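# Notes for the structure review
In case you want the letters, here they are:
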Amino acid sequence: MRYASKLKLYATLLGLVLAWPAAAQLKSHVVSSEDLEYGPVLFEFYQQDYFYGLVEDATLAASGNRVAGSNSARLLGGSMMLRYALPEQAEAIFTRLLSNTKSSDIRNRAWYHLARLYYNRSDRTNANRALGQITGELPRDLHVDYHYLASLIKNDGSHLQSVSEAALLYADESPEYSYLLFNLAVTQLRGGNVFEAVMKLEQLAGYSGTNREMLALADRAKHGLSQMATQAKDLPRAWRYLTGIRTTGLYSNRALLSYAWTAINMKLFQEAIPALQILDQRSIAIPEVQEGKVLLAHLYEQEGSPRKALKSNVLAEKAFKQGLADLSEARRIIAMRDVPREFIENLESIMDETDWYSAHASVDYRKLTPFLIDLMASHPFNETLKDLIALYALEDNLNYWLSQTSEHQLVLANSADKSVETDMAELLARSEGINERLRDQKTEIQLLTLTLEDEERERFDVLIENAEHDLVILEDKIRQLRKDKKAYVQPKGHKSLVKANHQRITKQLSITQRYIASLEPVVRKLVRVELDKHEERMRYYWAQSRLAKARLFDSTLLQLENNKAPAESQR
């Protein structure tokens with residue numbers, strides 16, 4: 001039904017296009033009904049619903065659709081498999097295409113997808129080799145994607161010479177262009193080409209739109225420019241970049257801390273305090289917040305406010321103590337049996353949190369994001385999560401089909417005992433009787449309408465036509481039933497086939513659960529290592545706060561003793 005409704009939709013849209021007054025001037029991409037039938041595959045691909053896209057692609061290929069069997073369609077199918085976490089099947093398709101076609105366009109696209117596949121596996125050697133096989137003119141829609149992938153794989157600077165000016169022509173056609181620009185700037189900076197790097201970062205920093213992702217990248221560019229200016233001892237320029245970064249964005253924590261340090265280096269101590277006070281209100285799980293708490297107390301002490309410094313150190317000590325307690329509880333919870341699955345199931349809602357970068361940490365797995373900021377940005381960790389997500393989806397599907405086993409067995413048992421020949425004969429006789437009565441009644445109504453006025457007769461004619469249509473359908477069904485001498489009987493080997501499928505599902509479920517059992521400890525270990533880093537850092541800053549608090553207590557007591565001695569001598 002889903003396929004049929006979409007086919008009707010495409011047919012309707014095609015009819016509207018053909019009926020368009022200027023249609024004669026348009027060049028249609030639909031040259032046959034097979035092109036139209038392949039439309040749903042393209043629809044699902046651009047909707048990023050790769051499961052249904054693969055199902056419809058396989059259905060069309062099995063039906064002999066020539067479009068679905070073409071090299072371009074096979075390339076699209078491999079791309080959907082790669083996106084649907086089926087790398088082995090995708091690799092087989094790309095390899096087969098490279099062996100069977102001489103088209104440079106198809107070959108370049110296949111090599112590009114293979115490079116992506118190897119990069120996702122963290123196999124940079126083979127990814128680099130695959131990219132090196134791309135020769136000649138790149139397809140227009142692949143320009144920016146290719147250069148962006150190359151900037152990730154060839155981050156040693158060797159790719160810079162091959163980045164053509166043509167890529168800049170497609171800047172507005174691909175969202176990856178901004179990331180390509182940033183990666184190239186980083187690579188040029190590593191190679192010592194500071195001027196070109198600054199120009200690219202300045203271009204990104206000038207973004208003034210409303211896209212949250214691009215705003216975050218602009219903040220990152222400004223922060224990078226401020227760091228470069230600081231290294232060049234140009235503190236006023238660094239200050240200007242830092243003041244342009246949002247205080248609520250993804251990079252606001254780093255920017256606030258850099259802002260404070262720049263103000264301190266410029267001897268603007270009062271300017272540093274507000275930035276540190278903003279940081280002081282945020283989650284203790286964030287590294288910049290941990291450093292900011294210690295720095296804020298130090299600034300209060302330097303400006304001659306020992307009471308504020310003492311209070312700040314006392315509050316910091318409590319915050320670090322609470323942070324360590326949260327870490328301990330987080331370790332216990334992350335070790336629980338179902339936490340990795342629940343964490344992944346809620347991953348989308350976690351990443352959609354608009355204020356997680358400043359949220360107070362919670363031991364609930366849905367609120368662990370502040371502890372995992374750096375880890376979530378790690379490519380290997382993301383690939384591990386993708387594999388685990390795919391395994392969980394497979395396990396859920398297999399469990400569902402396994403739960404249907406009893407229903408399948410019930411259908412098989414009932415189908416073996418059914419005998420409906422008598423019931424069928426009675427049904428046919430009853431249907432034929434109803435059909436005859438309806439025919440007679442229709443004839444009587446037609447005769448009665450002859451006495452009516454023309455306007456009223458026209459209204460009845462419409463109703464009679466509808467009734468005639470229903471009667472034709474009924475007669476057709478009766479004819480079909482007469483042809484069937486007996487009820488449907490399942491093929492001889494159907495029962496054994498169903499049983500074999502149940503056994504195959506059980507086997508595949510066991511294999512999937514074994515993979516899950518192997519991969520879950522990897523995720524747990526990566527999270528534990530990240531929590532270890534947090535604990536080590538928090539213990540260090542906790543010790544600094546306690547030492548500063550003790551020193552301020554001692555100095556305060558010493559000052560009280562010194563003030564007490566002159567008072568007693570005056571008595």
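Residues numbered from 1 in each chain as written. Predicted model: local features only at pLDDT ≥ 70, side-chain atom pairs only at ≥ 80, totals over all residues. Heavy atoms only, no water.

### A few points about the overall build of the protein chain
Across its full length, the protein chain carries 25 helices and zero strands. Taking all 571 residues of the protein chain together, 37% fall into the buried category. Put simply, of all contacts in the protein chain between residues at least 6 apart along the chain, 65% involve residues at least 24 apart. Accessible surface, the protein chain as shown: approximately 34,600 Å² in total, 54% of it carbon and sulfur. (Helix = DSSP H or I, 4+ residues; strand = E, 2+ residues; numbered from the N terminus. Buried < 20%, exposed > 50% of the residue type's maximum accessible area, 1.4 Å probe, protein only. Contact = heavy atoms within 4.5 Å. Areas by Shrake-Rupley, 256 points an atom, 1.4 Å probe, with all protein chains shown as cover.)

### Examining the side chain of Asp57
By the element assignment, Asp57 lies in helix H3 (residues 50-62). Separated by 2.7 Å, the side chains of Asp57 and Arg74 make a polar contact. Other than its neighbours up to four places away in sequence, Asp57 contacts Tyr38, Val41, Ala68, Arg74, Gly77 and Met80. (Polar contact = N/O pair within 3.5 Å; in protein donor to acceptor, adjacent residues only side chain to side chain.)

### A short note on the packing of aromatic side chains
If you walk through the whole model with that rule in mind, you get seven aromatic pairs. Considering the side-chain rings of Phe45 and Tyr50, the 6.2 Å spacing of their centres and the 55° angle between planes classify their relative orientation as tilted. Assessed through its relative accessible area of 13%, Tyr50 is described here as buried. Between the aromatic rings of Tyr540 and Tyr541, the centroid separation amounts to 5.4 Å while the plane-to-plane angle is 65°, which identifies the pairing as edge-to-face. Put simply, the rings of Phe45, Tyr46 and Tyr50 pair up and form one aromatic cluster. The positively charged end of Arg546 is found above the aromatic ring belonging to Trp542, 4.3 Å away from the centroid. (Phe/Tyr/Trp six-rings, centres within 6.5 Å; stacked < 30°, edge-to-face > 60°. Lys NZ or Arg CZ within 6 Å of the ring centre and 35° of its normal.)

### A short note on a negative patch on the surface
A grouping of Glu453, Glu455, Glu456, Glu458, Asp461 and Glu465 is seen on the molecular surface, where their side chains present a negatively charged patch. Inspection of the secondary structure assignment puts Glu453 in the loop between helix H23 (421-449) and helix H24 (454-483). Overall, the relative accessible area of 59% leaves Glu453 in the exposed class. (Patch = residues over 30% accessible without salt bridge, like charges linked within 9 Å, V, L, I, M, F, W, Y side chains within 5 Å. Salt bridge = Lys/Arg side-chain N within 4 Å of Asp/Glu carboxyl O. Lys, Arg positive; Asp, Glu negative; His and termini not counted. Charge placed at Lys NZ, Arg CZ, Asp CG, Glu CD.)

### With respect to helix H6 (residues 104-120)
Working note: α-helix, 3.6 residues per turn, so residues spaced by three or four point in the same direction. In this model, H6 (17 residues) spans 24 Å end to end at C-alpha, consistent with the 24 Å of a helix rising 1.5 Å per residue. At the exit of H6 stands Ser122, carrying a positive phi of roughly 65°. (Expected span 1.5 Å × (residues − 1).)

### So, the environment of Trp111
With respect to the helices and strands, Trp111 occurs in helix H6. A relative accessible area of 12% places Trp111 in the buried class. Considering only alpha carbons, one finds Trp111 and Leu98, 13 residues apart in sequence, at a separation of 8.1 Å. In contact with Trp111, other than residues within four places in its own chain, are Leu98, Arg129, Ala130, Gln133 and Ile134.

### Section: the pattern of salt bridges
In total, this model carries 15 salt bridges according to the counting rule given. When the shortest N-O distance is used, the salt bridge between Glu91 and Arg121 registers 3.2 Å. Of this pair, Glu91 sits in helix H5 (residues 87-100) while Arg121 is found in the loop between H6 and helix H7 (124-132), placing the two residues 30 residues apart along the sequence. For Arg121, a relative accessible area of 39% translates into the label partly exposed. Of the charged contacts, one joins Lys200 and Glu196 as a salt bridge, the two residues approaching to 3.8 Å between their closest N and O atoms. With Lys200 and Glu196 both in helix H11 (residues 194-205) and four residues apart, this pair spans about one turn of that helix. The exposure class assigned to Glu196 is partly exposed, which follows from its relative accessible area of 31%. Through salt bridges with shared partners, one network takes in Arg331, Asp532, Glu535 and Arg539.

### Description of the environment of Val55
Tracing the chain through its elements places Val55 in helix H3. Through-space distance from the C-alpha of Val55 to that of Val41 is 8.6 Å; in sequence the pair is 14 residues apart.

### What to know about helix H14 (residues 252-265)
The end-to-end C-alpha separation of H14 is 20 Å, in line with the 20 Å expected for 14 residues at 1.5 Å each. In terms of residue burial, H14 counts as a mostly covered element, since 11 of its 14 residues are buried. Within H14, the full set of buried residues consists of Ser252, Asn253, Ala255, Leu256, Leu257, Ser258, Tyr259, Ala260, Thr262, Ala263 and Ile264. Buried residues along H14 sit against helix H12 (212-231), helix H13 (235-243), helix H15 (269-280) and helix H16 (287-302). At the exit of H14 stands Lys267, carrying a positive phi of roughly 65°.

### A look at unusual backbone geometry
For residues other than glycine, phi is negative in most cases, and the peptide bonds are mostly trans. We note that Gln48 has phi near 60°; this positive angle belongs to a residue other than glycine. As for its position among the elements, Gln48 is in the loop between helix H2 (33-46) and H3. A positive phi angle, near 65°, is found at Lys233, a position not held by glycine. In this structure, Lys233 sits in the loop between H12 and H13. Residue Lys233 is classed as exposed on the basis of its relative accessible area of 72%.

### Quick notes on the confidence of the model for the protein chain
On average, residues of the protein chain carry a pLDDT of 76, and 79% of them reach 70 or more. Taking the mean pLDDT of every element in the protein chain, the minimum, 41, falls on helix H1 (residues 2-19) and the maximum, 88, on H16. Contacts for the low-pLDDT stretch residues 1-27, under 50 throughout, to residues beyond four places or in other chains number 24 contacts. Within the model, the stretch residues 349-363 combines pLDDT values under 50 with 35 contacts to residues more than four positions away or in other chains. (pLDDT = per-residue confidence, 0-100.)

### A few points about the packing of H15 against H16
Relative to each other, H15 and H16 sit at 140°, their axes nearing to 9 Å. Compared by their axis directions, H15 and H16 come out oblique. Classified by chirality, the crossing of H16 by H15 is left-handed. Judged by residue contacts, Phe269, Ala272, Ile273, Leu276, Gln277, Leu279 and Asp280 of H15 engage Glu288, Val289, Gly292, Lys293, Leu295, Leu296, Leu299 and Tyr300 from H16. (Axes fitted to C-alpha atoms, helices over the stretch in contact; angles between N-to-C directions. Parallel < 35°, antiparallel > 145°, perpendicular 65-115°, else oblique. Left-handed = near helix turned anticlockwise from the far one by under 90°.)

### Quick look at the packing of H5 against H6
A pair of packed helices can be characterised by two numbers: the angle between their axes and the separation between those axes. Contact geometry for H5 and H6: axes closest at 9 Å, N-to-C directions at 150°. Here H5 lies roughly antiparallel to H6, going by the angle between them. Crossing of H5 over H6 shows left-handed handedness. Contact residues: Pro87, Ala90, Glu91, Phe94, Leu97 and Leu98 in H5; Ile106, Arg107, Ala110, Trp111, His113, Leu114, Leu117 and Tyr118 in H6.

### So, the environment of Ile445
Within the element layout of this structure, Ile445 appears in helix H23. We classify Ile445 as partly exposed; its relative accessible area is 40%. The spacing of Ile445 and Phe460 is 15 residues in sequence and 8.8 Å in space, taken between C-alpha atoms.

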